[in-house]
Amino acid sequence: MAPSKIKNFFAKKKAEAKLKFGGAGPGRKLNSAGPAPSSSKSAAPTQHDVYVPPKRSEISAEAKVAAAAALARFEGKDKKEFNTSLAAIRAQVRKELEAEKKAKEAESAEQQEERQESESRKDFAVQGVYFRCPMIDDEVLPRKEWKGKIKEFLYEQLAADRGLTACLIIYNCNPKEKAEVCIETLTKCIENIINHPNEEKYRKLRMTTRTFCDKIKVCDGSMEFLHAAGFAEIELDGEPHLIWSEDNIDPDCSVEMLLEALKASEPIHLELDRNLQVLLPSQVKRSHLPPDFFRISPEELKREQQLRTEALEQAQMLKTKAMREKEELRTINRYKFCLLRVRFPNGVYLQGTFNVYEKLAQLYEFVQSCLMHESAEFSLVPTGGQKCSGPEEMNKSLYDLRFVPTMVFNFNYENESKALTDFLKEELMLLIQSF
């Protein structure tokens, strides 16, 4: 899907939105007074425009007697019946008040939980992990929000190119396991039609079979793909079927082309945003990472930490080197991302988010892009470790180097650049925010 096509799509949507919402004047109710007429066209309303209500006739004597009798019957009701009715009303009022009280208490508890969560997030070093999607937009969003935006974008493209878009929907809008099973099943259906064009049994799919329901229908985009490939829904013997016909294939398309697109499509790639921050020493004290950095859910993480604490309390013993290494691996395996900080001689910190499988060379590239003198030679020395700048270390992942989940590096200029006293670019220094 070419970037120019995507840009044209969004430009068209913006134009439609402007046309839809930009030109309408203020609305008014049908029974409200209209705008004041101009002096040139002012005129008193004619008589036939004014509604004259009909006169009501006087109440007859018989009607007055019947009304008086009804009022007397109402006032003469048994006191006990009235009191019972009053008690019922009071009970209903009490019930509603109790329900309202419970609702307020529940709302208060929810607000309290949100406040506690908000306070806990204040201790986080970053608020989350963010991504970019150049194919669709320049926004920086969490992965979950991007998934929703990608799905919305793809469904908007169905009218223009149903076959290719359906393939992308299958890949991007379903769990990986379901998508793989669906793609395998659809591939077999289309290959059967291509390899056996005269076989009637391959032209018909019963939509109530377990295979169809569990492997095809459950996936977003699968039905749109089948319709684009030439299948149409028809009821046979009281059951819904999909019947293939070459006449039903989308224009400028073929089953061979759709099969190739289905095999060649892939998930839309999200680029990890570095979430670059420039910090003062006082701001670096925050070291807790949000749930987005972990492979496991927050509940599983809390449970794992609890079990580990209990195990340490029960077994106070010396650990061998192998045991310590095993525990270290178990710890870093919980993380998908890591937070790296570079401390400069002037006390300022540069912070960025990385995938645990990115190379050390990518950290050096990130730091170099932020320097005022980008061509200057420098080295990064991890806290408590040795300088990592050799070719072998550069090709190792942050995971292999055990720079997970966080690590602080000391920045040093090397060789001829040692005399330099400027570090980060001026525009980055403006990112420093005080509490």
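The model shown is predicted, which means the values in this text are computed figures rather than measured ones.

Student: Break down a positive patch on the surface for me, citing the residues and quoting the values.
Tutor: Together, Arg143, Lys147, Arg295 and Lys336 line one region of the surface with positive charge. Within the secondary structure layout, lysine 147 lies in helix α4 (residues 143–156). Residue classification places lysine 147 among the partly exposed residues on the basis of a relative accessible area of 38%.

Student: Explain the side chain of asparagine 275 to me, using residue names and the numbers behind them.
Tutor: Note on placement: asparagine 275 falls in the loop between β6 (271–272) and β7 (277–279). Sequence-distant contacts of asparagine 275, defined by excluding residues within four places in its chain, comprise Val126, Gly128, Tyr130, Gln351 and Thr353.

Student: Outline the sheet that holds strand β4 (residues 231–236), supporting the account with residue identities and numerical values.
Tutor: One open sheet accounts for 3 strands, arranged β3-β5-β4; its pairing is antiparallel. Both outer strands of the open sheet, β3 (204–206) and β4, are each paired with one neighbouring strand and no more. When strand polarity is set aside, the average angle formed by the axes of neighbouring strands in this sheet is 30°.

Student: Which residues make up the pattern of salt bridges, and what values go with them?
Tutor: Within this structure, the stated rule accounts for 11 salt bridges. Of the charged contacts, one joins lysine 149 and aspartate 137 as a salt bridge, the two residues approaching to 3.2 Å between their closest N and O atoms. Of this pair, lysine 149 sits in helix α4 while aspartate 137 sits in strand β2 (residues 137–142), and the two are 12 residues apart along the sequence. We classify aspartate 137 as partly exposed; its relative accessible area is 24%. As a salt-bridge pair, lysine 151 and aspartate 220 come within 3.1 Å of each other at their nearest N and O atoms. Within this pair, whereas lysine 151 is found in helix α4, its partner aspartate 220 is found in the loop between α7 (210–217) and α8 (222–228), the two being separated by 69 residues in sequence. When salt bridges that share partners are traced, they join Asp137, Glu139 and Lys149 into one network.

Student: Give a detailed account of the sheet that holds strand β1 (residues 130–133), specifying residues and quantitative values.
Tutor: Across the sheet, 3 strands lie side by side as β2-β1-β6; this open sheet has antiparallel pairing. Only two strands of the sheet have a single partner each, and these edge strands are β2 and β6. α4 rests against β1 and β2 of the sheet, and its axis sits at about 135° to β2.

Student: Talk me through helix α6 (residues 176–195); I want residue IDs and the actual numbers.
Tutor: One full turn of an α-helix is made of 3.6 residues, so residues set three or four places apart face in the same direction. Here α6 is 20 residues long and its end C-alpha atoms lie 28 Å apart, about the 28 Å a rise of 1.5 Å per residue gives. The complete set of buried residues in α6 reads Ala179, Cys182, Ile183, Thr185, Leu186, Thr187, Cys189, Ile190 and Ile193.

Student: Explain α4 residue by residue, including any values.
Tutor: For α4, built from 14 residues, the straight-helix expectation of 20 Å at 1.5 Å per residue is met to within 8% by its first-to-last C-alpha distance of 20 Å. For α4, the full list of buried residues reads Trp146, Ile150, Phe153 and Leu154. When α4 is viewed along its axis, its buried side chains cluster within an angular range of 95° and face the same direction.

The rules we used
- Residues numbered from 1 in each chain as written.
- Predicted model: local features only at pLDDT ≥ 70, side-chain atom pairs only at ≥ 80, totals over all residues.
- Heavy atoms only, no water.
- Patch = residues over 30% accessible without salt bridge, like charges linked within 9 Å, V, L, I, M, F, W, Y side chains within 5 Å.
- Areas by Shrake-Rupley, 256 points an atom, 1.4 Å probe, with all protein chains shown as cover.
- Salt bridge = Lys/Arg side-chain N within 4 Å of Asp/Glu carboxyl O.
- Lys, Arg positive; Asp, Glu negative; His and termini not counted.
- Charge placed at Lys NZ, Arg CZ, Asp CG, Glu CD.
- Helix = DSSP H or I, 4+ residues; strand = E, 2+ residues; numbered from the N terminus.
- Buried < 20%, exposed > 50% of the residue type's maximum accessible area, 1.4 Å probe, protein only.
- Contact = heavy atoms within 4.5 Å.
- Pairing = 2+ DSSP bridges.
- Axes fitted to C-alpha atoms, helices over the stretch in contact; angles between N-to-C directions.
- Expected span 1.5 Å × (residues − 1).
- Arc of directions from axis to C-beta.

Take it as geometry only, folks, not as evidence of what the structure does.
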